[in-house]
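In case you want the letters, here they are:
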Amino acid sequence: MLVLNRKEQRWEDRMFRELPQFLVAGDCLVLNDSKVFPSRLLGHRSAEHASGRVELLLLQPLSPDAKTWTALVHPGRKLRTGERIQFDGLEAEIIGRGDYGERTVHFRLNGDIFVLLDKIGHVPLPPYIKRPDTPEDRYRYQTVFAHETGSIAAPTAGLHFTPEILDACRRAGAEIACVTLHVGLGTFQPVREEKLHSERFHITADNAARIKASQRVICVGTTSVRAVESMFLGKQGETDLFIRPDFQFRRTDALLTNFHLPQSSLLILVCAFAGREFALGAYQHAVESCYRFYSYGDCMLIL
């Protein structure tokens, strides 16, 4: 864990298990409790259109019964509106397309789609993990506090935590509050324009009260930052908040986050919070010190 002190403009190499040493009474540790679901489907085109394997990544439900979704498809260029895709006991029809190649798909089934996805879906591992998913990924690519189903990628800063570390944080005097922001395209898509895709989020009244009453808010992950700052901006239900330099943080006082890809909204958020030159200098130190990047990598605590 690389610890950045913004006030003193210095950093130091520590271990994540030392996190509770940086917490005191009056702190509130904010966790994103969104749960990854098996949103990746492997199927084939219906015979009337032509054969061929198809991969579908479900992004966000568009209907209350979760039978209509925004999705990414592969191969995208060949799949047009009106085509049907066959999965194991499930059929989907493409009924529309978006600005960035997304498709709107409608599933024909009776019952709860999430029950069926648990049976036939695959864990949406990051594309740089070059192997098929395994049954173990269902719990390894998941935080220990995951509760609300809806993400297509894990809020990775939370992957470092164990129940024992959480207990140690409580013993240090910190309150723990949960927010829910379902990770979608808005979190991991490279920045194309001055806006992000909307993502669903909510914060219960009890958790909002804990956050507001604390002396210092430590957000675990950029998704927790976006949820907390969206709440203080009066947003509800969905947020497309794009945090960039000159953003005025209203409630985030510290941030625990992983090391992110270039040209991502996540790195831009880190630069907005820590200061661009300071953050990029810390990244250079992390590279030279062989810190691990990406989802299963190391983390940084920005104070």
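For the structure itself, look to the data block above.
(A) Spatial organisation of a nonpolar patch on the surface. On the surface, a nonpolar cluster with roughly 260 Å² of combined accessible area is contributed by Tyr 128, Leu 261 and Tyr 294. As for its placement among the helices and strands, Tyr 294 is situated in the loop between helix 8 (276-288) and strand 17 (299-302).

(B) Region of the structure containing the pairing of strand 5 (residues 40-45). Pairing of strand 5 with strand 6 (residues 53-61), which is carried by five bridges, proceeds in the antiparallel orientation. Bridge pairing in strand 6 places His 44 opposite Arg 53. Examined bridge by bridge, strand 5 and strand 8 (residues 84-87) share two bridges and lie antiparallel to one another. Paired with Arg 45 across the strands is Ile 85, a residue of strand 8.

(C) Quick look at the nonpolar core. The biggest cluster of nonpolar side chains holds 37 residues, and the ones touching the most others in it are Leu 2, Val 30, Ile 211, Leu 255, Met 300 and Ile 302. Tallying contributions element by element places helix 7 (residues 265-274) first for this core, with seven residues. Not counting residues up to four positions away in its chain, the partners in contact with Leu 2 are Trp 11, Glu 12, Asp 13, Phe 259, Ala 282, His 285, Ala 286, Tyr 291, Cys 299, Met 300 and Leu 301. Ranked by size, the runner-up nonpolar core spans 26 residues in total, among them Val 54, Val 73, Phe 87 and Leu 185.

(D) View of the layout of surface pockets. A volume near 250 Å³ is recorded for the second largest pocket. For the second largest pocket, the lining is made up of 14 residues, of which Leu 159, His 160, Arg 292, Tyr 296 and Gly 297 are closest to its centre. Looking at the lining of the second largest pocket residue by residue, the class counts come to six nonpolar, five polar and three charged.

(E) Molecular detail of the packing of helix 7 against helix 8. Closest axis-to-axis distance for the helix 7/helix 8 pair is 6 Å, and the angle between their directions is 120 degrees. Judged on the interaxial angle alone, helix 8 and helix 7 are oblique. Both helix 7 and helix 8 take part in a crossing whose hand is right-handed. Here Leu 267, Val 270, Cys 271 and Ala 274 of helix 7 come into contact with helix 8, specifically with Arg 276, Phe 278, Ala 279, Leu 280 and Tyr 283. Residue classes in the contact of helix 7 with helix 8 are distributed as eight nonpolar, no polar and one charged.

(F) Structural view of the sheet that holds strand 12 (residues 175-181). With mixed pairing, nine strands are arranged side by side in an open sheet as 2-1-17-16-14-3-12-13-15. Looking at which strands have only one partner, the edges of the open sheet turn out to be strand 2 (10-13) and strand 15 (237-239). Neighbouring strand axes in the sheet, compared pairwise and without regard to direction, differ in orientation by 25 degrees on average. Of the pairings in the sheet, the one linking strand 14 (residues 216-220) to strand 16 (residues 254-258) comprises three bridges and is parallel in character. Pairing of Cys 219 across the sheet is with Leu 255, part of strand 16. The sheet strands contacting helix 5 (residues 205-213) are strand 3 (27-32), strand 12 and strand 14, and the helix crosses strand 12 at an angle near 125 degrees. Here helix 6 (residues 222-232) sits on the sheet and contacts strand 3, strand 12, strand 13 (199-202), strand 14, strand 15 and strand 16; the angle it forms with strand 12, its principal contact strand, is near 90 degrees.

(G) View of the side chain of Thr 70. Assignment of secondary structure puts Thr 70 in strand 7 (residues 68-74). Exposure remark for Thr 70: the relative accessible area of 18% places this residue in the buried category. Among residues more than four places away in sequence, those in contact with Thr 70 are Leu 57, Leu 58, Leu 59, Gln 60, Leu 62, Glu 102 and Arg 103.

(H) Here's a closer look at the sheet that holds strand 10 (residues 103-108). With antiparallel pairing, six strands are arranged side by side around a closed barrel as 5-6-7-10-9-8. Neighbouring strand axes in the sheet, compared pairwise and without regard to direction, differ in orientation by 45 degrees on average. Both strand 6 and strand 7 contribute to a ladder of six bridges, which runs antiparallel. Bridge assignment links Leu 57 to a residue of strand 7, and that residue is Leu 72.

(I) A look at helix 8. When the terminal C-alpha atoms of helix 8 are compared, their 18 Å separation across 13 residues agrees well with the 18 Å that a helix rising 1.5 Å per residue should span. Taken as a whole, helix 8 has its buried residues at Phe 278, Ala 279, Ala 282, Tyr 283, His 285 and Ala 286. Seen along its axis, helix 8 keeps its buried residues to an arc of 160 degrees; they face one direction. Turned more than 90 degrees away from the buried face of helix 8 sit Arg 276, Glu 277 and Glu 288, all of them exposed. On its buried face, helix 8 is in contact with strand 1 (2-5), strand 2, strand 16, helix 7 and strand 17. Cys 290 lies just past helix 8 and shows a positive phi near 65 degrees.

(J) Region of interest: the state of the cysteines. Summed over the entire model, instances satisfying the criterion amount to zero disulfides. In this structure Cys 28 is not part of a disulfide, and its nearest cysteine sulfur, from Cys 219, lies 8.5 Å away. Looking at the unpaired Cys 169, the closest cysteine sulfur is the one in Cys 299, lying at 11 Å. On the accessibility criterion, Cys 169 (0% relative accessible area) is buried.

Calculation notes
- Residues numbered from 1 in each chain as written.
- Predicted model: local features only at pLDDT ≥ 70, side-chain atom pairs only at ≥ 80, totals over all residues.
- Heavy atoms only, no water.
- Patch = residues over 30% accessible without salt bridge, like charges linked within 9 Å, V, L, I, M, F, W, Y side chains within 5 Å.
- Areas by Shrake-Rupley, 256 points an atom, 1.4 Å probe, with all protein chains shown as cover.
- Salt bridge = Lys/Arg side-chain N within 4 Å of Asp/Glu carboxyl O.
- Helix = DSSP H or I, 4+ residues; strand = E, 2+ residues; numbered from the N terminus.
- Pairing = 2+ DSSP bridges.
- Core = buried A, V, L, I, M, F, W, Y, C linked by side-chain atoms within 4.5 Å.
- Buried < 20%, exposed > 50% of the residue type's maximum accessible area, 1.4 Å probe, protein only.
- Contact = heavy atoms within 4.5 Å.
- 1 Å grid on protein atoms, 1.4 Å probe; cavity = no way out; pocket = protein on both sides within 12 Å on 5 of 7 lines; lining within 4 Å.
- Points joined across faces, edges and corners; volume = space filled by probe spheres on them.
- Nonpolar A, V, L, I, M, F, W, Y, C, P; charged D, E, K, R; others polar.
- Axes fitted to C-alpha atoms, helices over the stretch in contact; angles between N-to-C directions.
- Parallel < 35°, antiparallel > 145°, perpendicular 65-115°, else oblique.
- Left-handed = near helix turned anticlockwise from the far one by under 90°.
- Expected span 1.5 Å × (residues − 1).
- Arc of directions from axis to C-beta.
- Disulfide = S-S within 2.5 Å.

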